[in-house]
Amino acid sequence: MLPEGRRNEVVAFVKEGLKDLSISRTTFQWGIPVPGNDKHVMYVWFDALTNYRSAVNDASLQRFWPPDLQLVGKDILRFHAIYWPAFLMSAGFGDDQLPRTVFAHGFLTINGLKMGKSLRNTVEPLKLVSHFGADEVRYFLLREIAL
């Protein structure tokens, strides 16, 4: 878990004590229905994280699984560092089959708001690279994204 500050967040959360997590929700209608219960849909993180593993076919399994690095935003750290490994372990995956490193990065902001697709305030990185160059964009991102 990197950087160290994010690792400390995960450790502190785990030290508070882990509780059971329901893999279905009744608070919204969109999602994959739970068989036999029309009021429940699958918890999006249970379904989405499972897709990571199912996306790797058996022929590519040795090459791509487990992932060496998961690069995630700091807002989804708990899902990738705690819930996802727990889901895998409950499915019988061993320690050697769990993702090796999770790196949680900060956000780019514009006028104090997190940059994101839903806010429609993103910048196309390839356009930046074509205008400024790859090294310059890398430097900017490393400098601007607070961990």
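Residues numbered from 1 in each chain as written. Predicted model: local features only at pLDDT ≥ 70, side-chain atom pairs only at ≥ 80, totals over all residues. Heavy atoms only, no water.

## Focus: the overall build of the protein chain
What the protein chain contains, in helices and strands, is six helices and seven strands. In the protein chain, which comprises 147 residues, the proportion classed as buried is 24%. Of the contacts made within the protein chain by residues no fewer than 6 positions apart, 58% connect residues no fewer than 24 positions apart. Summed over its atoms, the accessible surface of the protein chain is roughly 10,800 Å², and 56% of this surface lies on carbon and sulfur atoms. With 17 positive and 15 negative side-chain charges, the protein chain shows a separation of 4 Å between the mean positions of the two kinds. (Helix = DSSP H or I, 4+ residues; strand = E, 2+ residues; numbered from the N terminus. Buried < 20%, exposed > 50% of the residue type's maximum accessible area, 1.4 Å probe, protein only. Contact = heavy atoms within 4.5 Å. Areas by Shrake-Rupley, 256 points an atom, 1.4 Å probe, with all protein chains shown as cover. Lys, Arg positive; Asp, Glu negative; His and termini not counted. Charge placed at Lys NZ, Arg CZ, Asp CG, Glu CD.)

## Some thoughts on the sheet that holds strand S1 (residues 24-25)
On the basis of which strands lie adjacent, the open sheet formed by three strands has the order S1-S3-S2 and antiparallel pairing. Among the strands making up the open sheet, the edge pair consists of S1 and strand S2 (33-34). For S1 and strand S3 (residues 37-42), the ladder comprises two bridges, and the chain directions are antiparallel. Residue pairing in the sheet places Ser-24 in a bridge with Met-42 of S3. (Pairing = 2+ DSSP bridges.)

## What to know about the nonpolar core
Within the largest apolar cluster, 17 residues are counted, with the highest numbers of intra-cluster contacts made by Leu-49, Phe-79, Tyr-83 and Trp-84. Secondary-structure elements contributing two or more residues to this core are helix H2 (44-54), helix H4 (77-90) and strand S5 (102-105). Ranked by residue count, the leading element in this core is H4, at seven residues. Look past the residues within four positions of Trp-84 in its chain and what remains in contact with it is Leu-49, Thr-50, Tyr-52, Arg-53, Trp-65, Gln-70, Phe-79 and Pro-99. (Core = buried A, V, L, I, M, F, W, Y, C linked by side-chain atoms within 4.5 Å.)

## Quick look at the layout of surface pockets
Of the volumes computed, that of the largest pocket is approximately 520 Å³. If you go around the largest pocket, you meet 16 residues; those closest to its centre are His-105, Gly-106, Phe-107, Leu-108 and Ile-145. Among the elements of the structure, strand S4 (70-73), S5 and helix H6 (134-144) are those that each provide at least two residues to the lining of the largest pocket. In terms of residue class, the lining of the largest pocket is made up of nine nonpolar, five polar and two charged. One number sums up the size of the second largest pocket: a volume of about 310 Å³. (1 Å grid on protein atoms, 1.4 Å probe; cavity = no way out; pocket = protein on both sides within 12 Å on 5 of 7 lines; lining within 4 Å. Points joined across faces, edges and corners; volume = space filled by probe spheres on them. Nonpolar A, V, L, I, M, F, W, Y, C, P; charged D, E, K, R; others polar.)

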